[in-house]
Amino acid sequence: MYGKTVRRRRALLLVLVVISLVLLTAYFGESAGGGLHSVQRGFLTVISPIQDGANAALKPVRGVFSFFGEVLHSNSRVAQLRREVDRLRRERIAEQEKMRADRELVGIRSLERKVGPGAYRGVVTNVDAQSANLWYSTVDIEAGSSEGVAINDPVVNGEGLVGKVTQVAPDGAQVSLITDSTVGVSARLSGSGAVGLIQPKVGDPEDLLMQYLPTNLNIVPGDLVVTSGTVSGEGESLFPPGIPVGTVSSVAEESPKSVNVRPAAELHNLNVVKVLTVAPGSRVQRVSNAIAKMPPGRQTGAAAGTGVAQVGGGG
Amino acid sequence: MSSSSSQGALALRIAAVAVVVVFLQIGVVAEVPIFGVSVELTPLLAAFVGLLCGSVAGAAAGFCIGLLVDLCLVQTLGINSLLFTLIGFWAGRLQELRDPQGALIPVIVGAAAAATAFVGYSVIEFLLGVDAPVSFELLRQIVLGIVVDTVVALPFWMIVRRALQGGLPKDPRRRRRARRSYSTGGLSPISRRA
């Protein structure tokens with residue numbers, strides 16, 4: 001009795017496995033129009049209405065399960081959407097940065113057309129980093145001595161004068177902004193032509209002070225201040241003449257006369273700048289070197305047409 | 001009630017449960033993913049039929065459930081039939097040889113059935129020539145599928161047992177009660193017969 005049961009069980013298993021394997025082999029071996037495929041299609045045709053009915057009947061159940069499933073997945077979905085929003089925000093910021101950099105490049109070209117670089121060549125570069133405190137305002141740029149950047153080279157952007165190069169490495173340089181306490185710029189009031197010295201106001205980096213102006217001048221707020229193309233002391237940079245430095249914001253009633261100047265360049269928001277370099281051995285460089293070696297207080301001049309104007313600054 | 005009629009009633013119950021479960025699987029469960037995978041009730045059903053009704057019923061039910069799934073889902077005929085036959089037979093033999101009574105037995109059996117179904121299906125598909133590299137995504141799906149099936153095994157076992165209970169030749173709960181009363185001082189089957 002027991003042996004018969006065992007034999008029957010084993011036989012059934014063998015039969016079912018063999019049928020499965022035969023079905024598998026036959027189905028896999030035949031074409032899409034074969035017998036088993038036809039049987040499957042026929043079964044599907046018969047069962048489709050039942051399946052449709054069952055699906056319709058089970059739709060509410062499916063909806064309930066889906067609801068709970070969506071609730072369970074809502075956290076991960078929210079996190080995914082947040083990542084997507086962050087990515088889009090980054091892309092938008094990058095796009096805006098690119099547009100602003102393009103505008104700055106256009107501004108630099110426009111300034112070149114208006115001022116004329118003369119003997120200067122330009123190296124357009126990106127700003128790497130910006131560090132500022134009350135005493136020092138510097139930015140790091142990507143261009144260095146390998147691209148011809150040298151110490152004391154003037155740096156401009158599309159709005160006006162930015163500063164000068166104070167440290168140079170082969171693949172980078174540091175620019176001290178005109179708001180840095182170590183930088184002085186000989187400048188001229190574009191209306192009267194009077195020359196003075198622009199220096200930062202310590203503690204107020206967004207305001208410059210133009211000093212040593214004649215007392216009898218009629219200066220009004222809004223007057224444009226541009227570089228004079230002269231230097232007033234050792235180590236000062238020889239900025240080409242005519243680069244906008246800023247506009248007069250207020251006039252102090254004291255003698256010698258001084259005025260407050262708001263910088264033309266937005267110095268807290270620099271992305272692209274242009275370093276005005278001179279070719280080694282050129283006339284401008286020779287003049288610059290001579291100026292740099294002169295003792296403080298001496299007035300210096302160089303020939304016009306090389307980008308360096310006659311001196312008029314005091315100090 | 002004669003033995004053949006009771007067997008027929010049991011077969012009808014199993015068939016009804018199988019049809020309902022297959023339709024539920026296709027219509028509802030497959031469309032509700034949990035952790036990115038859907039629960040596979042059909043291998044669990046084959047295993048639980050074997051665990052409740054024995055190896056012969058388990059193998060036969062497994063074959064029919066697998067064939068129904070292959071037909072409804074327009075898959076390669078025979079794959080699920082083969083796997084579910086083996087699952088149902090193995091679960092039935094476990095019941096016949098060991099008669100495990102632990103509360104976690106359905107969970108363990110469910111996990112083993114799911115593992116056999118998932119891994120076996122993948123292996124057969126690859127043997128049949130699916131030209132795709134094995135990726136971690138497939139492994140992740142298999143592991144998650146086994147975990148999810150293991151989680152639902154116990155409640156599904158209760159449902160299946162309740163559905164088939166009336167037609168079972170030997171009610172496991174009744175048998176367990178009898179064994180407990182015998183071991184705690186009740187009459188042994190021999191003494192009762194006497």
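Since the model is a prediction, treat every value here as computed from it, not as a measurement.

A few words on the overall build of chain B. A tally of regular secondary structure across chain B gives eight helices and zero strands. Tracing chain B from N to C terminus, the helices and strands come up as α-α-α-α-α-α-α-α. Within the span of chain B, comprising 194 residues, buried residues form 39% of the whole.

Our focus in this paragraph is the interface of chain B and chain A. Listed per partner, the contact involves 25 residues of chain B and 25 residues of chain A. Elements that contribute at least two residues to the side of chain B that touches chain A include exactly α1 (3–27), α3 (55–72) and α4 (79–97) of chain B. Of all the elements, α3(B) adds the most residues to the side of chain B that touches chain A, at seven residues. In terms of residue class, the side of chain B that touches chain A is built from 18 nonpolar, six polar and one charged.

To continue, consider the packing of helix α2 (residues 41–53) of chain B against helix α5 (residues 105–127) of chain B. Residue and element names in this part refer to chain B. Running from N to C, α2 and α5 point in directions that differ by 130 degrees, and their axes come no closer than 9 Å. Between α2 and α5, the angle falls in the class oblique. Of the two possible hands of crossing, α2 and α5 adopt the one that is right-handed. Here α2 contributes P43, L44, A46, A47, F48 and L51 to the contact with α5, which in turn contributes P106, V109, G110, A113, A114 and A117. Here the residues of the contact of α2 with α5 sort into 11 nonpolar, one polar and no charged.

As a further point, take helix α6 (residues 136–164) of chain B. All names here are of chain B. Taking 1.5 Å of rise per residue, the 29 residues of α6 would be expected to cover 42 Å, and the 39 Å separating its terminal C-alpha atoms lies within 8% of that figure. Bending of α6 peaks at approximately 45 degrees at the position of A153, with proline P155 no more than four residues after it. Restricting attention to buried positions, one finds in α6 the residues G145, I146, D149, T150, A153, F156, W157 and V160.

A few words on the nonpolar core. Counting residues in hydrophobic clusters, the biggest one holds 56 residues, and the most contacted among them are B:L45, B:I65 and B:I87. Counting residues per element, the ones that place at least two in this core are α1 (2–29) of chain A together with α1, α2, α3, α4, α5 and α6 of chain B. Ranked by residue count, the leading element in this core is α3(B), at 11 residues. In this structure, A:V156, A:V225, A:V261 and A:V278 belong to the second largest nonpolar core, which totals 44 residues.

Residue and element names in this part refer to chain A. Counting buried residues in strand β2 (residues 137–141) gives four out of five residues, a clear majority hidden from the surface. The pairing of β2 with strand β5 (residues 172–177) spans four bridges and is classified as antiparallel. When the sheet's bridge partners are listed, V139 is paired in β5 with V175.

All names here are of chain B. The interhelical angle for the contact between α2 and α6, taken along N-to-C directions, is 50 degrees, at an axis separation of 10 Å. When the axis of α2 is compared with that of α6, the two are oblique. The handedness of the crossing between α2 and α6 comes out as right-handed. Here L41, L44, L45, F48 and L52 of α2 lie close against α6, whose contacting residues are D149, A153, F156, W157, V160, R161 and L164. Of the residues that constitute the contact of α2 with α6, the class distribution is 10 nonpolar, no polar and two charged.

Here we take up unusual backbone geometry. Backbone geometry places A:Y212, a non-glycine residue, at a positive phi of 65 degrees. One can find A:Y212 in strand β8 (residues 204–213). A count of 17 C-beta atoms within 10 Å places A:Y212 in the partly exposed class. Residues other than glycine seldom take positive phi values, yet B:D99 does so here, at roughly 45 degrees. Along the chain, B:D99 falls in the loop between α4 and α5. Residue classification places B:D99 among the partly exposed residues on the basis of 13 C-beta atoms within 10 Å.

Cut-offs applied
Residues numbered from 1 in each chain as written. Chains lettered and ligands numbered in written order. Predicted model: local features only at pLDDT ≥ 70, side-chain atom pairs only at ≥ 80, totals over all residues. Helix = DSSP H or I, 4+ residues; strand = E, 2+ residues; numbered from the N terminus. Buried ≥ 20, exposed ≤ 12 C-beta atoms within 10 Å, placed from the backbone. Contact = placed C-beta atoms within 7 Å. Nonpolar A, V, L, I, M, F, W, Y, C, P; charged D, E, K, R; others polar. Axes fitted to C-alpha atoms, helices over the stretch in contact; angles between N-to-C directions. Parallel < 35°, antiparallel > 145°, perpendicular 65-115°, else oblique. Left-handed = near helix turned anticlockwise from the far one by under 90°. Expected span 1.5 Å × (residues − 1). Bend = angle between axes of the 7 residues up to and from the residue. Core = buried A, V, L, I, M, F, W, Y, C linked by C-beta atoms within 7 Å. Pairing = 2+ DSSP bridges.

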